[in-house]
Amino acid sequence: MGIEGSFWRAIAVYRIASLGYAALLLAGAGGYQRPVAGWLVFGVMAVWTGVTTVAYSTARSRPLLVVDVLVTLGCMLASPYVQGSMAGPGLMPVTATWVGGPVLAWAVYGGRRAGAVAAVVLSVGDLWLRGLHEFDLSVPVNGAVLLILAGTVVGHVARLTKQAEERLQRAVEIEAAGRERERLARGIHDSVLQVLALVQRRGLEIGGEAAQLGRLAGEQEAALREMVRNGPALADSGFVDVGARLRRYATATVTVSTPATPLPLPAGQAHEVVAAVGAALDNVRRHCGEDARAWVFAENDDASMTITVRDEGPGIPAGRLPEAEAEGRLGIAQSIRGRIAGVGGTVAVTSVPGQGTEVELVIPADSR
């Protein structure tokens, strides 16, 4: 259950302690007009404390949290009936501090905004009981203020704690992947990579068809080295490392340059972005030749992720892209622009005849 489970256990302890405090207040309030009704309300509170303690330890959902607020609000609004003539602005409701349970639950579940909204709902009920509906400015509002502050602060701390736990888990996975890469690299370097390097060298020496086999062996050697170096993609929270996927395109003719740190994207978006880069490299081979050089550059900042594919081919004549789209040749229109537009990004194609082509893919941070 991790750190989040500790929050829920702390909420359960708070509910039980608050229930005991409410029992002490009820036992010492001999002047309540209807003490039997008060103990019935306390019984509902005790049963609901048991229900939420079990329910929140196994499964948590919005309907359960909503019912939690409603049950608490109902117990609190029963206070005037229990207290009778004693009810007034200075008297604490029968529920006492037990009303904070749902606020803390919403804060841990949904963050500071959810905690603040739950606190406002219960605070309105509390202030109504204390006479604020009569516009009496002497009514104390300290309890409501503390409830709202508790919901906001606990929600903020809970969200920061969850993020820290996710980052720690990701760091552990990256470290484990690094150790596995080192183990694989030692074994592969002593066997497969040396054989591929030998085939490449001997093929180039023999020439003819053997040279072609040697070139293919060299490409596979480079790709295998890159795969061993990069290791598996990030799997935390459904994210993958786009940089690791892009480096798999590296060959003797394709140079891939990415940051040392991961480039995380949701798995679905990462697939589309990597496929778009693959389509751009296919265009380079198709229009510039199998031996054409290409470069892939990727960078990331707080605002966007930018991936650039460059080549030194003949370039694209002016107006050729609209003509190709009209002829039904949709390589750039759909395979590249369509994919990137689907993830909320943009594509810019810059080409000068005789000086090559540059395809720039930009994925804004707010679309990830």
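Refer to the structure printed above.
Anyway, here's the lowdown on the structure attached to this text.

Cut-offs applied
Residues numbered from 1 in each chain as written. Predicted model: local features only at pLDDT ≥ 70, side-chain atom pairs only at ≥ 80, totals over all residues. Heavy atoms only, no water. Patch = residues over 30% accessible without salt bridge, like charges linked within 9 Å, V, L, I, M, F, W, Y side chains within 5 Å. Areas by Shrake-Rupley, 256 points an atom, 1.4 Å probe, with all protein chains shown as cover. Salt bridge = Lys/Arg side-chain N within 4 Å of Asp/Glu carboxyl O. Helix = DSSP H or I, 4+ residues; strand = E, 2+ residues; numbered from the N terminus. Buried < 20%, exposed > 50% of the residue type's maximum accessible area, 1.4 Å probe, protein only. Lys, Arg positive; Asp, Glu negative; His and termini not counted. Charge placed at Lys NZ, Arg CZ, Asp CG, Glu CD. Expected span 1.5 Å × (residues − 1). Pairing = 2+ DSSP bridges. Axes fitted to C-alpha atoms, helices over the stretch in contact; angles between N-to-C directions. Contact = heavy atoms within 4.5 Å. Parallel < 35°, antiparallel > 145°, perpendicular 65-115°, else oblique. Left-handed = near helix turned anticlockwise from the far one by under 90°. Nonpolar A, V, L, I, M, F, W, Y, C, P; charged D, E, K, R; others polar.

## Quick word on a nonpolar patch on the surface
So, step 1. Taken together, the side chains of Tyr21, Leu25 and Met92 make up a nonpolar region of the molecular surface, amounting to roughly 230 Å² of accessible area.
So, step 2. Mapped onto the secondary structure, Met92 falls in the loop between α4 (79-83) and α5 (100-110).
So, step 3. Residue classification places Met92 among the partly exposed positions, given a relative accessible area of 32%.

## A short note on a negative patch on the surface
So, step 1. A surface patch of negative charge is lined by Glu299, Asp301, Asp302 and Glu360.
So, step 2. As for its position among the elements, Asp301 is in the loop between β4 (294-300) and β5 (304-311).
So, step 3. The class of Asp301 is partly exposed, set by a relative accessible area of 45%.

## Brief notes about helix α11 (residues 267-288)
So, step 1. Taking 1.5 Å per residue as the helical rise, α11 with its 22 residues ought to reach 32 Å, and the 31 Å between its terminal C-alpha atoms agrees with that figure.
So, step 2. Phi turns positive one or two residues past the end of α11, at Gly289, with a value near 105 degrees.

## Focus on the sheet that holds strand β2 (residues 254-257)
The strands that make up a sheet pair up through hydrogen bonds in the backbone, lying either parallel or antiparallel.
So, step 1. The strand order across the open sheet built from five strands is β2-β4-β5-β7-β6, with neighbouring strands paired in mixed fashion. Strand pairing shows two members of the sheet lacking a second neighbour, β2 and β6 (346-352), which therefore form its edges. Across the sheet, the axes of successive neighbouring strands diverge by a mean angle of 10 degrees, strand direction being ignored.
So, step 2. Direction of pairing for β5 relative to strand β7 (residues 356-364): antiparallel, over a ladder of seven bridges. Note on β7: the bridge partner recorded for Val309 is Val359.
So, step 3. Running over the sheet, α11 touches β2, β4, β5 and β7 and is turned about 10 degrees from β5.

## A word on the packing of α5 against helix α6 (residues 112-129)
So, step 1. Two numbers describe how α5 lies on α6: the axes approach to 6 Å, and their chain directions differ by 160 degrees. The pairing of α5 with α6 is recorded here as roughly antiparallel in orientation. Once α5 is placed against α6, the crossing between them reads as right-handed. Note on element contacts: α6 touches α5 through Arg112, Ala114, Gly115, Ala118, Ala119 and Leu122, opposite Pro102, Val103, Trp106, Ala107 and Gly110.
So, step 2. Its residues assigned to classes, the contact of α5 with α6 comprises eight nonpolar, two polar and one charged.

## Considerations on the pattern of salt bridges
Pairing between side chains of opposite charge can happen when the charged atoms of each approach one another.
So, step 1. The final tally for this structure, using the stated rule, is four salt bridges.
So, step 2. A salt bridge links Asp282 to Arg285; the shortest N-O distance between them is 2.3 Å. In this pair, Asp282 and Arg285 are both assigned in helix α11, three residues apart and thus about one turn of the helix distant.
So, step 3. Owing to a relative accessible area of 34%, Arg285 belongs among the partly exposed residues under this scheme.
So, step 4. Close ionic contact of Glu358 with Arg310 constitutes a salt bridge, the shortest N to O distance being 2.8 Å. Of this pair, Glu358 sits in strand β7 while Arg310 sits in strand β5, and the two are 48 residues apart along the sequence.

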